[in-house]
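Topology and contacts: notes
Spelled out, the chains give:
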Amino acid sequence: MTQLPFLLLDADASRAALDRSLARQSDALAFLAVATDAIRATARAQPDFIVDDVWRHMPDDAPAPRDKRAMGLAMRQAASAGLIRATDGYRQSAQVRCHANPRRVWRRA
């Protein structure tokens, strides 16, 4: 019997993959919790803001996201929770890696 190329059966490797996945999920949840706190702090500090302002409110010891776009998920979740709401406005990002791309302006809800 041959093993299908897309099917790898290895119990130890499967458990190790699960452990890695759970660790990534735990890291992501920790980041989202800290990011949500930063969103709340930013919304209290200024009525209108962009994501750059939220990054400035992140603590120095915040868990690093696997991808900087994770802040977008935090912003969408905060909007869904009624903490903030999107406006029709945009401002240029000050993040060098973003090359002054426009960023949505958010407003506290």
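Please refer to the structure higher up on the page.
For clarity, every value in this text was computed on a predicted model and none was experimentally measured.

Cut-offs and rules
- Residues numbered from 1 in each chain as written.
- Predicted model: local features only at pLDDT ≥ 70, side-chain atom pairs only at ≥ 80, totals over all residues.
- Heavy atoms only, no water.
- Helix = DSSP H or I, 4+ residues; strand = E, 2+ residues; numbered from the N terminus.
- Buried < 20%, exposed > 50% of the residue type's maximum accessible area, 1.4 Å probe, protein only.
- Contact = heavy atoms within 4.5 Å.
- Areas by Shrake-Rupley, 256 points an atom, 1.4 Å probe, with all protein chains shown as cover.
- Lys, Arg positive; Asp, Glu negative; His and termini not counted.
- Salt bridge = Lys/Arg side-chain N within 4 Å of Asp/Glu carboxyl O.
- Polar contact = N/O pair within 3.5 Å; in protein donor to acceptor, adjacent residues only side chain to side chain.
- Pairing = 2+ DSSP bridges.
- Axes fitted to C-alpha atoms, helices over the stretch in contact; angles between N-to-C directions.

Comments concerning the overall build of the protein
When helices and strands are counted, the protein shows three helices and three strands. Tracing the protein from N to C terminus, the helices and strands come up as α-β-α-α-β-β. Overall, the protein is about 65 × 25 × 25 Å in size when its C-alpha atoms are taken along their principal axes. Across the 109 residues of the protein, 25% fall into the buried class. Pairs at least 24 residues apart make up 55% of the contacts formed inside the protein by residues separated by at least 6 positions. Surface exposure of the protein reaches about 7,700 Å², of which carbon and sulfur atoms provide 54%.

What about the side chain of D52?
Tracing the backbone through its elements, the reader meets D52 in helix α2 (residues 51-56). Within the buried core, D52 has no salt-bridge partner, and the shortest N-O distance to an opposite charge, that of R103, equals 4.7 Å. Polar contacts involving the side chain of D52 include one to the main-chain amide nitrogen of A94, which spans 2.6 Å. Excluding residues that lie within four positions of it along the chain, D52 makes contacts with S93, A94, Q95 and R103.

Concerning the side chain of S93
Here S93 is to be found in the loop between β2 (84-92) and β3 (102-108). A distance of 3.0 Å separates the side chain of S93 from the backbone nitrogen of Q95, its partner in a polar contact. Excluding residues that lie within four positions of it along the chain, S93 makes contacts with I50, D52, C98, A100, N101 and R103.

Some thoughts on the sheet that holds strand β1 (residues 48-49)
Read across the open sheet, the three strands follow the order β1-β3-β2; overall the sheet is antiparallel. The outermost strands of the open sheet, each flanked by one partner alone, are β1 and β2. Examined bridge by bridge, β2 and β3 share six bridges and lie antiparallel to one another. Its bridge partner lying in β3, I84 is registered against R108. The sheet strands contacting helix α3 (residues 70-80) are β1, β2 and β3, and the helix crosses β2 at an angle near 140°.

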